[in-house]
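Okay, here's what each chain looks like letter by letter:
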Amino acid sequence: MEAAGLKDQVYLRLVNFIFVIYGINRTISANYKDHIDGYFANLISGILTAMVSLVVGIFAFMAYVEYRGGAAYLHTFAKSYIFGGGEPSINDFCIALGVEGTAASVIVSFALMQYWKDKVEKINKVDDVNHVHN
């Protein structure tokens, strides 16, 4: 985004949701193919997938900020984000990204489980062999 001159376009950060949705959906899909059933098992699996990528992304962001000049770069970078004002430190910035990423992970995981719930959760299915009524 920075190389293309689009780092100030806040709305382009929403493209990140496409990657989050893809990753979580792929995890749940793989669980389904591996016959890992259960709503909560797949929900937790989706959340953990997103959280691992979030942690890796935050560490990559920290390395990138240090590469680009540390706190001086961060102050110019932070202006394109919606913060309460001031000049956040790298720790403040990463905590904010962590909160934002955690919320996105949970929301996307719950939303995708609405699609997958009938496939991975075998509820309300009656075993007709044991429930034969003559």
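All figures in this text were calculated on a predicted structure; none of them were measured in a lab. (Residues numbered from 1 in each chain as written. Predicted model: local features only at pLDDT ≥ 70, side-chain atom pairs only at ≥ 80, totals over all residues. Heavy atoms only, no water.)

1. A short note on the packing of aromatic side chains
Inspection of every chain in the model, using the stated rule, returns five aromatic pairs. Seen in terms of ring centroids, Tyr32 and Trp116 are 5.6 Å apart; in terms of plane orientation they differ by 50°. Their pairing is tilted. With a gap of 84 residues between them, Tyr32 in helix α1 (residues 16-33) and Trp116 in helix α4 (residues 90-120) connect regions that are remote in the sequence. The class for Tyr32 is partly exposed, based on a relative accessible area of 35%. Ring geometry for Phe61 and Phe93: centres 5.2 Å apart, planes at 15°, overall stacked. Taken together, the positions of Phe61 in helix α2 (residues 39-68) and Phe93 in helix α4 put the pair 32 residues apart, joining distant regions of the chain. Here Phe61 falls in the buried class, since its relative accessible area comes to 12%. Residue classification places Phe93 among the buried residues on the basis of a relative accessible area of 0%. Taken together, the ring pairs in this structure connect Tyr32, Tyr115 and Trp116 into an aromatic cluster. Across from the ring centre of Tyr115, 4.2 Å away, lies the NZ or CZ of Lys119, which sits over that ring. Above the plane of the ring of Trp116 lies Lys119, whose end atom (NZ or CZ) is 5.9 Å from the centre. (Phe/Tyr/Trp six-rings, centres within 6.5 Å; stacked < 30°, edge-to-face > 60°. Helix = DSSP H or I, 4+ residues; strand = E, 2+ residues; numbered from the N terminus. Buried < 20%, exposed > 50% of the residue type's maximum accessible area, 1.4 Å probe, protein only. Lys NZ or Arg CZ within 6 Å of the ring centre and 35° of its normal.)

2. A look at the packing of α1 against α2
In the contact formed by α1 and α2, the axes pass within 9 Å of each other and the chain directions differ by 140°. One element, α1, and the other, α2, form an angle in the oblique class. As α1 packs across α2, the resulting crossing turns out to be right-handed. Touching Gly23, Ile24, Thr27, Ile28 and Asn31 of α1 are Asn42, Ser45, Gly46, Thr49 and Ala50, all from α2. (Axes fitted to C-alpha atoms, helices over the stretch in contact; angles between N-to-C directions. Parallel < 35°, antiparallel > 145°, perpendicular 65-115°, else oblique. Left-handed = near helix turned anticlockwise from the far one by under 90°. Contact = heavy atoms within 4.5 Å.)

3. Overview of α1
Over its 18 residues, α1 extends 26 Å from the first C-alpha to the last, a length consistent with the 26 Å expected when each residue adds 1.5 Å. For α1, the set of buried residues is Val20, Ile24, Thr27, Ile28, Ser29 and Asn31. Along its buried surface, α1 packs onto α2 and α4. Just beyond α1, the residue with positive phi is His35, at close to 60°. (Expected span 1.5 Å × (residues − 1).)

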